[in-house]
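# Working through the structure, step by step
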Amino acid sequence: MHISNMIGEPRSEYKLKSPPSDAISSVKFGPLSSQFLLVSSWDNSVRLYDIQSNNLRMMYSHDRPVLDCCFQDAVHSFSGGLDNTLKMYDLNSNSETVIGNHDGAIRTIEHSLETNSIITGSWDSTIKLWDPRASRCVGTYGQPDKVFTMSLCGERLVVGTAGRRVYIWDLRSMGYVQKRESSLKFQTRCIRCFPNKQGYVLSSIEGRVAVEYLDTDPEIQKKKYAFKCHRIKENDIEHIYPVNAVSFHQVYNTFATGGSDGYVNIWDGFNKKRLCQFHRYSTSIVSLCFSQDGGVLAIACSYMYELETHPDPTPEDSIYIRFVTDQETKPK
């Protein structure tokens, strides 16, 4: 699809119509197509957008704000949030099924292709595995603290909790593989695994990102590093912002970060360099998702009340669809 604007230039970015009416929590593309985008929000809803025709295809609700969502396949979505409830929604028949509950809010949801299970991480300090075919919980596993973020690395699950802890689980046996501590000094915000399954990227609330490797071999561990980002210098004062969102380009193993400074950066983690920075958005970047083919990046912007003086009026919640080029995403 090639969208042009009036001057005949290819239009690389546009805003989705009918955005959520409260802060966006997550944007996720479908597993096979870059046409459909799933969006969860603090307005208690999950929405499905067709980004090619720029319209809202459907939406369904939870009783309380929704903190995450994911696709299982092209026609089934899962979502959860502050109502502690995991829902499955059939996008074809517009019907929902309550799969089960946690004792606290569901913060993060992933679908594992390898084990064909849905995984939820909760503020009740557990992760649960669910069998979507039988609509039941098949295991509950205690974590060291509230679960903030998690990401799949093939058959391994990397879980980031409060207290800067990182636990790596083997989904086949559900035993610990490794217990780690974040190499960043401040609270973990987001973890995403490299598509090549060698490691993960971890971001913190204090303008830093760590690139970590799963292999415990000391030679491999020497390659890990951390870097500063999402910091703005004004009048000799450095303002440091949370790095809220990370998304990997599935083809090139490069990744995008989004911060409360309103910027999106694209990084080449292996060569330790920034490939590009987009223009500044109206407010904090809260979620990012590359499409499976890496051609499109969904960018969710919502004000997160992280500033001491709140902007007036409050910036609107918006989702931008950006068509990215090899020049922006491919290692040089």
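It should be noted that the structure appears before, not after, this text.
I will try to describe carefully the structure that is included in this document. Computed from a predicted structure; not experimentally measured.

Right, let's get into the pairing of strand β20 (residues 208-213). The element β20 is largely enclosed, with a buried count of 5 among its 6 residues. Summarising the sheet, strand β19 (residues 199-204) and β20 pair through 5 bridges and their orientation is antiparallel. Bridged to Gly199 within β20 is Tyr213. As consecutive antiparallel partners, β19 and β20 are separated by 3 residues, and within that stretch Gly207 has a phi angle of approximately 55°, a positive value. In terms of strand pairing, β20 meets strand β21 (residues 225-228) through 4 bridges, oriented antiparallel.

One pass over the structure, following the stated rule, counts 17 salt bridges. Here Lys224 makes a salt bridge to Glu212, at a shortest N to O gap of 3.7 Å. With Lys224 in the loop between α1 (218-221) and β21 and Glu212 in strand β20, this pair connects stretches of sequence that are 12 residues apart. In this structure, Glu219 and Lys222 form a salt bridge, with 2.8 Å as the shortest nitrogen-oxygen distance.

Turning to the environment of Ala226, a few remarks are in order. On the secondary structure map, Ala226 appears in strand β21. With a relative accessible area of 39%, Ala226 lands in the partly exposed category. Between the C-alpha atoms of Ala226 and Val209, which are 17 residues apart in sequence, the distance is 5.5 Å. Ala226 has contacts with Leu184, Val209 and Ala210, leaving out every residue within four places of it along the chain.

Turning our attention to the packing of aromatic side chains. Applying the stated rule across the entire model yields 10 aromatic pairs. Three or more aromatic residues joined by ring pairs form one cluster here, namely Phe194, Phe248, Phe255 and Phe270. Its end group placed over the ring of Trp123, Lys146 keeps NZ or CZ at 5.4 Å from the ring centre.

What the 4 strands build is an open sheet, ordered β1-β30-β29-β28; its pairing is antiparallel. Unpaired on one side and paired on the other, β1 (13-15) and β28 (285-290) mark the two borders of the sheet. Geometrically, the sheet is characterised by an average inter-axis angle of 20° between neighbouring strands, direction not taken into account. Pairing analysis gives 5 bridges linking β28 to strand β29 (residues 296-301), with the strands arranged antiparallel. Bridging from a neighbouring strand, Leu288 pairs with Ile299 of β29.

Strand order in the open sheet made by the 4 strands is β6-β7-β8-β9, with antiparallel pairing throughout. Each end of this open sheet is capped by a strand with a single partner; those strands are β6 (66-71) and β9 (95-101). Across the sheet, the axes of successive neighbouring strands diverge by a mean angle of 20°, strand direction being ignored. Pairing of strand β7 (residues 76-81) with strand β8 (residues 85-90) involves 4 bridges; the strand directions are antiparallel. Counted as the bridge partner of His76 is Asp90 from β8.

Below, the discussion takes up the pairing of β9. The pairing of β8 with β9 spans 6 bridges and is antiparallel. Bridged to Tyr89 within β9 is Glu96. Connecting the antiparallel pair β8 and β9 is a turn made up of 4 residues, with Asn94 showing a positive phi of about 55°.

Cut-offs and rules
Residues numbered from 1 in each chain as written. Predicted model: local features only at pLDDT ≥ 70, side-chain atom pairs only at ≥ 80, totals over all residues. Heavy atoms only, no water. Buried < 20%, exposed > 50% of the residue type's maximum accessible area, 1.4 Å probe, protein only. Helix = DSSP H or I, 4+ residues; strand = E, 2+ residues; numbered from the N terminus. Pairing = 2+ DSSP bridges. Salt bridge = Lys/Arg side-chain N within 4 Å of Asp/Glu carboxyl O. Contact = heavy atoms within 4.5 Å. Phe/Tyr/Trp six-rings, centres within 6.5 Å; stacked < 30°, edge-to-face > 60°. Lys NZ or Arg CZ within 6 Å of the ring centre and 35° of its normal. Axes fitted to C-alpha atoms, helices over the stretch in contact; angles between N-to-C directions.

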